[in-house]
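Observations on the three-dimensional arrangement
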Amino acid sequence: SGDEDTASRHADLTGERCVFLQAEKEEFRHNISILGPVEASLYRMGGNYRWQILVKAKTPSSLNSFIKCISSDAVFAKAHAGAKMAVDIDPYFMM
């Protein structure tokens with residue numbers, strides 16, 4: 001987002017949603033770890049403020065299922081209109 005406060009709010013809500021989903025579903029409780037949200041190393045790029053959340057999983061299938069749940073949540077998506085979310089599986093570089 002181009003507005004710092006809006007970006008921070010979206011990051012916080014996304015982090016809260018991740019933690020809620022982890023606690024809500026048995027398959028995620030012991031298989032998923034969530035770190036963040038934190039400001040990205042390159043916090044402002046191209047006029048947008050960036051945050052990151054690291055989601056670690058014991059198995060690729062758990063991670064894929066978790067990401068699908070987050071990205072397919074219509075209410076969650078509507079609340080984040082105007083913000084972009086990118087998913088990088090096995091990031092090579094965290095900047």
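Below or above, wherever it landed, is the structure these notes cover. In this text, all values refer to a predicted model and were calculated from it rather than measured experimentally. Counting starts from 1 at the beginning of each chain's written sequence and moves along it residue by residue. Predicted model: local features are reported for residues with pLDDT of at least 70 only, side-chain atom pairs are reported and counted for 80 or more only, and whole-chain, interface and lining totals are derived from all residues. Side-chain measures here rest on the full set of heavy atoms in the structure, leaving out hydrogens and waters.

A few points about a negative patch on the surface
On the surface, D3, E4, D5 and E39 cluster together into a negatively charged patch. Labels follow the DSSP assignment, with helices taken as runs of H or I lasting at least four residues and strands as runs of E lasting at least two, numbered in each case from the N terminus. Residue placement: E4 occurs in helix 1 (residues 4-24). Patch membership needs two things, relative accessible area over 30% and no salt bridge, and members are linked within 9 Å if like-charged or within 5 Å if nonpolar (Val, Leu, Ile, Met, Phe, Trp, Tyr). What sets the accessible areas is the Shrake-Rupley method with a 1.4 Å probe; for residues, cover comes only from the shown protein chains. By definition, a salt bridge exists where a carboxyl oxygen of Asp or Glu is found within 4 Å of a side-chain nitrogen of Lys or Arg. Within this scheme the basic residues Lys and Arg register as positive and the acidic residues Asp and Glu register as negative, but His and the chain ends are omitted. Here the site of a charge means atom NZ of a Lys, CZ of an Arg, CG of an Asp or CD of a Glu.

Regarding unusual backbone geometry
With an omega dihedral of 15 degrees, the bond running from G36 to P37 counts as a cis peptide bond. If you trace the backbone, P37 turns up in strand 1 (residues 32-45). At D90, a residue that is not glycine, the phi angle is positive and equals roughly 55 degrees. Along the chain, D90 turns up in the segment after helix 4 (74-79).

A word on the pairing of strand 1
With 8 bridges connecting them, strand 1 and strand 2 (residues 48-57) associate as antiparallel partners. Looking at the pairing, M45 lines up with N48 of strand 2. When DSSP finds at least two bridges between two strands, those strands are taken to pair.

As for the nonpolar core
Residues C18, L21, F28, I32, I34, V55, L63, F66, I70 and F76 constitute the largest nonpolar core, which totals 10 residues. For this core, the secondary structure elements donating two or more residues are helix 1, strand 1 and helix 3 (60-71). With 3 residues, the top contributor of residues to this core is helix 3. Here F76 is in contact with L13, T14, R17 and I70, once residues within four sequence places are set aside. Definition used in this section: a nonpolar core is a set of buried Ala, Val, Leu, Ile, Met, Phe, Trp, Tyr and Cys residues joined via side-chain atoms within 4.5 Å. Relative accessibility thresholds used throughout: buried, under 20% of the residue-type maximum; exposed, over 50%; partly exposed, between the two (1.4 Å probe, protein chains only). The contact rule is simple, with two residues in contact once any of their heavy atoms fall within 4.5 Å.

Thoughts on the state of the cysteines
Two cysteine sulfurs form what is called a disulfide whenever their separation falls within 2.5 Å. The final tally for this structure, using the stated rule, is 0 disulfides. Distance from the sulfur of C18, which forms no disulfide, to the nearest cysteine sulfur (C69) is 11 Å.

What about a nonpolar patch on the surface?
On the surface, a cluster of nonpolar side chains totalling about 270 Å² of accessible area is made up of M85, V87 and I89. Mapped onto the secondary structure, I89 falls in the segment after helix 4. Taking relative accessible area as the criterion, I89 reaches 43% and is therefore assigned partly exposed.

Some remarks on helix 3
Helix length check: helix 3 (12 residues) gives 16 Å between terminal C-alpha atoms against 16 Å at 1.5 Å per residue, within 8%. All of the buried residues along helix 3 are S62, L63, F66 and I70. All buried residues of helix 3 lie within an arc of 100 degrees about the axis, which places them on one face of the element. Away from its buried face, by an angle of more than 90 degrees, helix 3 presents the exposed residues P60, S61 and K68. The span you would expect from a helix comes to 1.5 Å times its residue count less one. Working note: the arc is built from the helix axis to C-beta atom directions.

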